[in-house]
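Single-letter residue listing:
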Amino acid sequence: MRKLIFSIALAVSLGGYAQLLDVGGVQQVAIPEDAANKVAAISPDGSYLLITTDYNAGLTRYDLTTGKTTKITDAPGAGYDVKISADGNSVVYRETSFNKNHLKMTAVKSVNMTSGKKTELVKATRSLQAMDVQGGVATTVNEGRSNVKALNKTAVASRHVILSIDRLHLMKTVDGVTTEFSPLGADKRYIWPSVSPDGSKALFYVTGDGAYVCNIDGTGIQAIGQVRAPRWYNDEIIVGMNDADDGMVYTSSSIVALDLNGMSQTLTSDDVIAMYPLPTADGRKIAFSTPTGEAYIISINK
């Protein structure tokens, strides 16, 4: 088992001394040495992590209370952008394969965490653009068309916008219809898109430029800065990473929080190369990984 390390995170602003979040501390997670160790997701209530390999192969559940690990799938690609239902009982993941012409295919599957039952939501395709889970409903976008499936008997679908990437263009799906969104122009290269929890704003990253937020209709474009892998912490605060490398390896990286008024705060100390933050739905925890295969949890006092 890895040694548990506890340290108080620095609450230092990148652009002043604002404290957007009340950081309680940063704790290393004692994931067994023989398990995958990159954090792929954290459950909405913060009770468990989904961990995967450096190449996003397979998923393992790690219970943060008991330390127990449970293998979910060995599927290639399962660790990339995996989704968890609001009740934490369903996981939706990709499974990549190659056809007879050696072209990459992607299927979408769900697994019930109680029964272990797996269901194929989308057959292997060359054209999967996005998958999203809202509450207990999974929505996929394939060839510009959306498909909605309930993950449990009580789930009710609700109208919401899905952002996706198609050949590095930013797309928007509303009521099953997908159109190009790309608020900064179709000549830009977009990655890491997401919709704010209240559905009113879009967050995305333009390669070589930085992160941006705009209204969901494309108006009110606002530059956030060079924060990578950005995610919504809540409707007003974004978390991401401020990383640097020497062309070969990462030399530093910190988890930062930024609000829409231009204030920012560093949440981790310089002795940890902290990357790819994943906040819980209630905002009490933010999980992250390091390039050397360590997993951490930032505790936020609410």
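Residues numbered from 1 in each chain as written. Predicted model: local features only at pLDDT ≥ 70, side-chain atom pairs only at ≥ 80, totals over all residues. Heavy atoms only, no water.

Regarding its fold elements, the chain presents zero helices and 27 strands. For the chain, the C-alpha radius of gyration of 19 Å lies close to 19 Å, the compact-globule estimate for 302 residues. Its C-alpha atoms give the chain principal-axis dimensions of about 50 × 45 × 40 Å. Out of the 302 residues in the chain, the part that is buried amounts to 49%. Intrachain contacts of the chain at a sequence separation of at least 6 include 38% that bridge at least 24 residues. Of the roughly 14,600 Å² that the chain leaves accessible, carbon and sulfur atoms contribute 49%. In the chain, 29 side chains carry a positive charge and 30 a negative one; their mean positions are 9 Å apart. (Helix = DSSP H or I, 4+ residues; strand = E, 2+ residues; numbered from the N terminus. Rg over C-alpha atoms; globule rule 2.2 N^0.38 Å. Buried < 20%, exposed > 50% of the residue type's maximum accessible area, 1.4 Å probe, protein only. Contact = heavy atoms within 4.5 Å. Areas by Shrake-Rupley, 256 points an atom, 1.4 Å probe, with all protein chains shown as cover. Lys, Arg positive; Asp, Glu negative; His and termini not counted. Charge placed at Lys NZ, Arg CZ, Asp CG, Glu CD.)

The phi dihedral of Leu-168 falls on the positive side, at around 70 degrees, and the residue is not glycine. Its place among the elements puts Leu-168 in the loop between β14 (162–166) and β15 (169–174). Note on Leu-168: relative accessible area 26%, which makes it partly exposed.

Attention now goes to the pairing of strand β20 (residues 222–225). One ladder, built from three bridges, connects strand β19 (residues 210–215) with β20; its direction is antiparallel. Bridging from a neighbouring strand, Ala-211 pairs with Gly-225 of β20. Turn length for the β19-β20 hairpin, with the two strands adjacent in sequence and antiparallel, is six residues, and the turn residue Gly-218 shows positive phi of about 95 degrees. (Pairing = 2+ DSSP bridges.)

So, on to the sheet that holds strand β18 (residues 201–206). Read across the open sheet, the four strands follow the order β17-β18-β19-β20; overall the sheet is antiparallel. Whereas interior strands pair on both sides, the edge strands pair on one side only; in this sheet they are β17 (190–195) and β20. Looking at each pair of strands side by side, their axes are set apart by 25 degrees on average, direction ignored. (Axes fitted to C-alpha atoms, helices over the stretch in contact; angles between N-to-C directions.)

What follows covers the confidence of the model for the chain. Put simply, the chain has an average pLDDT of 90, and 92% of its residues get 70 or more. Mean pLDDT across the secondary structure elements of the chain bottoms out at strand β1 (residues 6–7), with 38, and peaks at β18, with 98. Ignoring residues within four places in sequence, the model shows residues 1–17, a span with pLDDT below 50, making 50 contacts including any to other chains. (pLDDT = per-residue confidence, 0-100.)

With that settled, consider the side chain of Thr-268. Mapping Thr-268 onto the fold places it in the loop between β24 (264–266) and β25 (275–279). The exposure class assigned to Thr-268 is buried, which follows from its relative accessible area of 2%. One polar contact links the side chain of Thr-268 to the main-chain amide nitrogen of Ile-255, over a distance of 3.0 Å. (Polar contact = N/O pair within 3.5 Å; in protein donor to acceptor, adjacent residues only side chain to side chain.)

A separate point is the nonpolar core. Within soluble globular proteins, side chains that are nonpolar generally end up buried alongside one another. Judged by nonpolar contacts, the single largest core of 19 residues is most densely connected at Leu-21, Leu-267, Ile-286, Phe-288 and Ile-298. For this core, the secondary structure elements donating two or more residues are β2 (22–28), β22 (237–245), β23 (250–259), β26 (285–289) and β27 (295–301). Counting 14 residues, the second-largest nonpolar core is a separate cluster that includes Tyr-48, Ile-72, Val-82 and Ile-84. (Core = buried A, V, L, I, M, F, W, Y, C linked by side-chain atoms within 4.5 Å.)

As a further point, take the sheet that holds strand β6 (residues 69–73). Pairing is antiparallel across the open sheet formed by four strands, whose spatial order is β3-β4-β5-β6. What marks the edges here is a single partner per strand, and that holds for β3 (38–42) and β6. Each neighbouring strand pair of the sheet contributes to a mean axis angle of 30 degrees, computed without reference to strand direction. Alignment of strand β5 (residues 59–63) against β6, held across four bridges, turns out to be antiparallel. Residue Arg-61 lies in a different strand from β6, and its bridge partner there is Thr-70.

If you walk through the whole model with that rule in mind, you get four aromatic pairs. Seen in terms of ring centroids, Phe-204 and Tyr-212 are 6.0 Å apart; in terms of plane orientation they differ by 15 degrees. Their pairing is stacked. One exposure class covers both Phe-204 and Tyr-212, and it is buried. Through pairs of rings, three or more aromatic residues link up here, namely Tyr-190, Phe-204 and Tyr-212. (Phe/Tyr/Trp six-rings, centres within 6.5 Å; stacked < 30°, edge-to-face > 60°.)

With that settled, consider the pattern of salt bridges. Taken as a whole and assessed by the stated rule, the structure comprises eight salt bridges. With a shortest N-O distance of 3.2 Å, Asp-74 and Lys-71 are connected by a salt bridge. Several salt bridges share partner residues, and in doing so they unite Asp-81, Lys-83 and Arg-94 into one network. (Salt bridge = Lys/Arg side-chain N within 4 Å of Asp/Glu carboxyl O.)

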